[in-house]
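# Close look at the chain arrangement
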Amino acid sequence: MKTGWSGGRPAAGPVVGLALALVTTVGLAAETPPPEVSDETVACLVCHSNRDFTWRMPSGETRRLFVAPDRFYASVHGQLPCGECHGELGSGPHTATPTVDLPSDLTGLLNGRQGARAAATAACVRCHEQAAREYAESVHGQASRRGVLDVPLCGDCHSAHYINPADDLESTVNPGNVPATCAKCHADALVMARHDVKTNVVETFETSFHGRKRLVGDKNAAVCTSCHGVHAIYAPRDPRSTVNPANAVQTCGECHKNASPQFAASFKHTVPSHAVDPLIYNVKHYHHLVLVTVLTVMFLHIFMDIIRRQINRRRGSQ
Amino acid sequence: MSQRKYKRWDMQQVRQHQLLVSAVLLLTITGMPLRYADQAAGQKLAILLGGASVMAALHRLGGIMLTVALFWHIGYVLLRVRRGTMRWSTLPKWKDVTDAWELFLYLIGRRPTEPSYERYSFLEKFDYWAATGGSCAMISTGLILWFPGLAARLVGPTGINLASVFHSLEAVLAASFLLIGHVYHVHLAGGLKPFNMVWWTGEMTRHEMEEKHPLELARLDAAEAAEVEPPAPEPVAPPAATLEPEPEPALDDEDGDEVDNEMGDTESDEADDEEAPR
């Protein structure tokens, strides 16, 4: 089977699929479309609100084409017609190739990319040019210009259809969700190895004071973006980076009023070892040894004491 | 019949211990969720405690309580030194080493009885110094983490990270040791009914003294006998003397010295068991 609807033969697939989509989801899509939702969107969702709607792409990849109507309606773009981002696609199955329109100075940004994702990103740029320009200069944007396909585009961080303001708890860019959003790539050893980036950044954050505070529910605890920025993220060695030693004091100073260079230098994504921070490594290592020894002797003593008292009692009662 | 009570701690010492206990419990409860933030139990306890900011405030309150307890104790010790009533009975001695060895032999069944302890057993001395040293370590590293901006200028990045690592590890050691080891050996184990109440009343019964501090009791009895000369057949002295194991006075000449010293001591109850002040 080449391309086509999930299940069924290629020829009959679209018909069966459409019918199925109509039967199973008309009710769902038509349930509560708020009055502001465009008619076009409602029409698209006749098919695309079907949870089981998948499509086998020419590449062989099977892609889910489901969009949850309620979540899309509730998103910041809920009132936009689908075509605003997706272009004129006509009725399904859509064969038209979406056009990728970018401002002239940003044309290289989507180097090597095509299809719906590139078109959707171009659509973001159309309204969010300021953010796009910041992104284009960033470490991610520059890599994208070089044709690196692993770097995130708008939708990878913000999601495609369920974009919410950062102060919305459900938003992928809400501070509460930022570590998970960044971890999608930065904790992926395969992806990071391709670009020679450390994978322990997420782990070292989670075990740091900031990470722990966040896990016990501190809404003000710093997350990835608090220090590294949002769209204008640069490699730490880049003088424009918020975590470059030249700017770190100012970055820390956003929360810690009396930050100093020494203070800024104390936060880093490193795990102590023989080579890195040997003093901390040794203190950790030997204190752990002391802890295990003391507690072992302690429990052994309690255990033996209990047994000895039992023996004494038994002997005494004889 | 109600047993005779022996005063071991004055009310200041009792209150110091109570403050220390409250501080350690509060610090443990409010600190562990952060230590185990990656685990569900830690996160749930944090919610129970009223969230991250309430927890942090309570932890700092606990830190202040611990600091007060420490400085209160230091002040108390200094005052007693000045008044000349300091007994120095928590200072380690060679007898503590032999006691530890004898306890080990007793536990493995190579010795019929536990070692006889003076005013403080080697375990109690260890607990005392561990708690004092641990408090100093936890307070200083805690202050670094409380005021990282200022601390960074003083101790540098390594100092801050060291404090963070140490505070976290030492917390587990201290809390486990105090809440399990100390509570078992000092408060629960042995002939204490229902458990050691010195932390509440400052007093021990005669039976508890016989079990836990036979040498001290013998010394007190001897001093009493010397003081109250006329009724020569002291009714309580013989059983205490028989309780005392044989090898003790022979093994430890230091102890013998002390008993000799105390014989002539004719002061109040507190000064009574003063250990050979030099």
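Since the structure is predicted, the reported quantities are computational estimates derived from the model, not experimental observations. (Residues numbered from 1 in each chain as written. Chains lettered and ligands numbered in written order. Predicted model: local features only at pLDDT ≥ 70, side-chain atom pairs only at ≥ 80, totals over all residues. Heavy atoms only, no water.)

Helices and strands together make up the secondary structure of chain A, namely 16 helices and 3 strands. Looking at chain A as a whole, 34% of its 318 residues are labelled buried. In the form shown here, chain A has an accessible surface area of approximately 18900 Å², with 60% of it arising from carbon and sulfur atoms. (Helix = DSSP H or I, 4+ residues; strand = E, 2+ residues; numbered from the N terminus. Buried < 20%, exposed > 50% of the residue type's maximum accessible area, 1.4 Å probe, protein only. Areas by Shrake-Rupley, 256 points an atom, 1.4 Å probe, with all protein chains shown as cover.)

The next point concerns the confidence of the model for chain A. Note: predicted coordinates in regions of low pLDDT should not be interpreted at a detailed level. Looking at chain A as a whole, its pLDDT mean stands at 84, while 89% of the residues score no less than 70. Segment residues 1-17 of chain A: pLDDT under 50, and 18 contacts once partners within four positions in sequence are set aside and those in other chains are kept. (pLDDT = per-residue confidence, 0-100. Contact = heavy atoms within 4.5 Å.)

In this assembly, 35 residues from chain A lie in contact with 44 residues from chain B. Of the roughly 3600 Å² buried between chain A and chain B on both sides combined, carbon and sulfur atoms contribute 71%. Seen at the junction of chain A and chain B, the total is 1 salt bridge. We note a salt bridge from A:Arg309 to B:Glu114, for which the minimum N-O separation is 3.8 Å. Applying the counting rule to chain A against chain B returns 9 residue pairs in polar contact (both at pLDDT 80 or more). (Buried area = accessible area lost by both parts, 1.4 Å probe. Salt bridge = Lys/Arg side-chain N within 4 Å of Asp/Glu carboxyl O. Polar contact = N/O pair within 3.5 Å; in protein donor to acceptor, adjacent residues only side chain to side chain.)

Attention now moves to the packing of helix α3 (residues 52-83) of chain B against helix α5 (residues 122-146) of chain B. All names here are of chain B. Where α3 meets α5, the closest approach of the two axes is 10 Å, and the angle between their N-to-C directions is 135°. In terms of axis orientation, α3 runs oblique to α5. Crossing hand, α3 versus α5: left-handed. Side by side, α3 and α5 meet where Arg 60, Ile 64, Leu 66, Thr 67, Leu 70 and His 73 of the first sit next to Tyr 128, Thr 132, Ser 135, Cys 136, Ile 139 and Trp 146 of the second. When grouped by side-chain class, the residues that make up the contact of α3 with α5 number 7 nonpolar, 4 polar and 1 charged. (Axes fitted to C-alpha atoms, helices over the stretch in contact; angles between N-to-C directions. Parallel < 35°, antiparallel > 145°, perpendicular 65-115°, else oblique. Left-handed = near helix turned anticlockwise from the far one by under 90°. Nonpolar A, V, L, I, M, F, W, Y, C, P; charged D, E, K, R; others polar.)

Applying the stated rule across the entire model yields 7 aromatic pairs over all chains. With a centroid separation of 6.5 Å and an interplanar angle of 55°, the aromatic rings of A:Phe72 and A:Tyr73 are classed as tilted. Both residues of the pair, A:Phe72 and A:Tyr73, belong to the buried class. Ring plane angle 85° and centroid distance 4.9 Å describe the contact between B:Tyr128 and B:Trp129, whose orientation is recorded as edge-to-face. (Phe/Tyr/Trp six-rings, centres within 6.5 Å; stacked < 30°, edge-to-face > 60°.)

The next thing to look at is the pattern of salt bridges. One pass over the full model with this rule turns up 20 salt bridges over all chains. Through salt bridges with shared partners, a single ionic network connects A:Asp105, A:Glu129 and A:Arg133.

The next subject is the packing of α5(B) against helix α6 (residues 148-188) of chain B. Residues and elements named next belong to chain B. Contact geometry of α5 with α6 gives a least axis separation of 6 Å together with a crossing angle of 150°. The orientation of α5 with respect to α6, classified from their angle, is roughly antiparallel. Between α5 and α6 the crossing geometry is left-handed. For the contact of α5 with α6, the residue count by class is 16 nonpolar, 8 polar and 3 charged.

Turning to the side chain of A:Ser38, a few remarks are in order. Looking at the element boundaries, A:Ser38 is found in the loop between α1 (13-31) and α2 (39-48). Not counting chain neighbours up to four residues away, the residues in contact with A:Ser38 comprise A:Gln79 and A:Pro81.

Further remarks concern the nonpolar core. Ranked by internal contacts, the top residues of the largest apolar core, which has 18 residues, are A:Leu291, A:Leu295, A:Met298 and B:Met32. Here this core gets 9 residues from one element, more than from any other, and that element is α6(B). In contact with B:Met32, other than residues within four places in its own chain, are B:Leu27, B:Ala171, B:Val172 and B:Ala175. The next biggest cluster of nonpolar side chains, apart from the first, holds 14 residues, and it includes A:Leu110, A:Ala132, A:Ala136 and A:Ala143. (Core = buried A, V, L, I, M, F, W, Y, C linked by side-chain atoms within 4.5 Å.)

Quick look at the environment of B:Leu34 now. Checked against the element boundaries, B:Leu34 lands in helix α1 (residues 11-35). A residue is classified by how much of its surface remains accessible, and B:Leu34, at 17% relative accessible area, is buried. For B:Leu34 and B:Val77, which are 43 residues apart along the polypeptide, the C-alpha to C-alpha distance reads 35 Å. In contact with B:Leu34, other than residues within four places in its own chain, are A:Phe209, A:Arg212, A:Lys213, A:Val216 and B:Met55.

Residue and element names in this part refer to chain A. Even without being a glycine, Ser 159 presents a positive backbone phi close to 70°. You can see Ser 159 is positioned in the loop between α8 (154-158) and α9 (178-186). Overall, the relative accessible area of 17% leaves Ser 159 in the buried class. The backbone phi angle of Asp 277 is positive, close to 45°, even though this residue is not glycine. As for its position among the elements, Asp 277 is in the loop between α15 (261-265) and α16 (278-317). Owing to a relative accessible area of 18%, Asp 277 belongs among the buried residues under this scheme.

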